[in-house]
Amino acid sequence: MKPWSDFYDLVMPGLPGCPFVMVDNALRQSAMVFCEQSLAWRFNHPDIPVIAGTAEYAFLPPAGAAVHCVTHAVLNGEEIETHAGESGITIQNWRNQSGTPLYVLGGATVAILVPIPDTAGILTMVVALKPSASSTGIDDALFNEFRESIIHGALAQLMLSPEKPYTNAQLATHHQRQFGISTAAAGMRVARSYTRAPLRTTIMARR
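Please read these numbers as outputs of a predicted model, since none were measured by experiment.

Draft legend 1. Examining the packing of aromatic side chains more closely. Applying the stated criterion across every chain yields a total of 4 aromatic pairs. Each ring, one from W4 and one from F7, has its centre 5.9 Å from the other, and the planes form 40°; the classification is tilted. Ring geometry for F34 and F146: centres 5.2 Å apart, planes at 45°, overall tilted. In this pair, F34 sits in helix α2 (residues 20-38) while F146 sits in helix α3 (residues 140-158), placing the two residues 112 residues apart along the sequence. Comparing F34 with F146, the two get one shared label, buried. Ring-pair connections join several aromatic residues into one group, and the members of that group are W4, F7 and F143. If you follow R147 out to its NZ or CZ, it ends over the ring of F143, 5.3 Å from the centre.

Pasting the structure below:
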């Protein structure tokens, strides 16, 4: 992990007198939004043993990270739906139904199989991560590839602070625009790369 302090040389020149704790908070918030919107931080989640009769399974993200959503899931070699959301589930009274899971819902801290599994198995997932609320830095690869986007987001936040030496609404608008453009571009880049290549060698298509 790269600590937030690794960004200082790139952000502090435009923020005279800004406390480091405020910079850290802005970088963290910017990184969280960037990861939520771009889905750029992908993680091959450890395989989860599924127990018959149990629908909820706790996520196991790396230290300093939280799961934003499940992007791909396979149960016992069969791909299951990850993007439906509760409104997209076509099973009536699904919270109380059991059978072969067709969906996985990603909550804040748990994955929920729908319907409730009636047999044991192994759940394999690829998830999109974001920094946790208490994170002290960000993944090395994200820093190397996307630090400029995160910097734009942090500067946009901080330059809107009222009556500070670095207050600058015009520059804040510029940085917010650049953040939006670069985040969207990162999301498209990530989507293309994961469309072209297999996400994991153990993931198998539904027969």
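After presenting the structure, the write-up continues.
Draft legend 2. View of the sheet that holds strand β4 (residues 65-75). Taken in spatial order, the 4 strands make up an open sheet running β2-β10-β4-β5, and their pairing is antiparallel. Both outer strands of the open sheet, β2 (42-50) and β5 (78-80), are each paired with one neighbouring strand and no more. This sheet shows a mean twist of 35° between the axes of neighbouring strands, independent of strand direction. Of the pairings in the sheet, the one linking β2 to strand β10 (residues 121-131) comprises 7 bridges and is antiparallel in character. Along β10, the bridge assignment pairs F43 with V127.

Draft legend 3. Inspection of the state of the cysteines at higher detail. Across all of its chains, the model carries 0 disulfides by this definition. Unpaired in terms of disulfides, C69 finds its nearest cysteine sulfur in C35, a separation of 11 Å. For C69, a relative accessible area of 19% corresponds to the buried category.

Draft legend 4. Region of interest: the nonpolar core. Grouped together as the largest cluster of nonpolar side chains are 47 residues, with contacts concentrated most on L15, V23, F34, L123 and M125. Here the element with the most residues in this core is α3; it accounts for 8 residues. If we ignore the near neighbours within four places in the chain, the residues touching L123 are D47, I48, V50, A73, V74, L75, I80 and L113. The next biggest cluster of nonpolar side chains, apart from the first, holds 5 residues, and it includes I89, W94, Y103 and L105.

Draft legend 5. Broad picture of the pattern of salt bridges. Taken as a whole and judged by the stated rule, the model has 3 salt bridges. Between R95 and E86 there is a salt bridge, with its nearest N and O atoms 3.0 Å apart. A salt bridge links E145 to R189; the shortest N-O distance between them is 2.7 Å. A residue pair is termed long-range when its members are at least 10 positions apart, and E145 in helix α3 and R189 in helix α4 (residues 169-196) qualify at 44 residues. For E145, a relative accessible area of 46% translates into the label partly exposed. Residue R189 is classed as partly exposed on the basis of its relative accessible area of 42%.

Draft legend 6. Spatial organisation of the sheet that holds strand β8 (residues 110-114). Reading across from one edge, β3-β8-β7 is the order of the 3 strands in this open sheet, with antiparallel pairing throughout. Here the strands that pair on one side only, and so sit at the sheet edges, are β3 (56-58) and β7 (103-106). On average, each strand axis in the sheet is tilted by 25° relative to the strand beside it, whichever way the strands run. Relative to β8, β7 runs antiparallel, the two being bridged by 4 bridges. Paired with V104 across the two strands is L113, which belongs to β8.

About the cut-offs
- Residues numbered from 1 in each chain as written.
- Predicted model: local features only at pLDDT ≥ 70, side-chain atom pairs only at ≥ 80, totals over all residues.
- Heavy atoms only, no water.
- Phe/Tyr/Trp six-rings, centres within 6.5 Å; stacked < 30°, edge-to-face > 60°.
- Helix = DSSP H or I, 4+ residues; strand = E, 2+ residues; numbered from the N terminus.
- Buried < 20%, exposed > 50% of the residue type's maximum accessible area, 1.4 Å probe, protein only.
- Lys NZ or Arg CZ within 6 Å of the ring centre and 35° of its normal.
- Pairing = 2+ DSSP bridges.
- Axes fitted to C-alpha atoms, helices over the stretch in contact; angles between N-to-C directions.
- Disulfide = S-S within 2.5 Å.
- Core = buried A, V, L, I, M, F, W, Y, C linked by side-chain atoms within 4.5 Å.
- Contact = heavy atoms within 4.5 Å.
- Salt bridge = Lys/Arg side-chain N within 4 Å of Asp/Glu carboxyl O.

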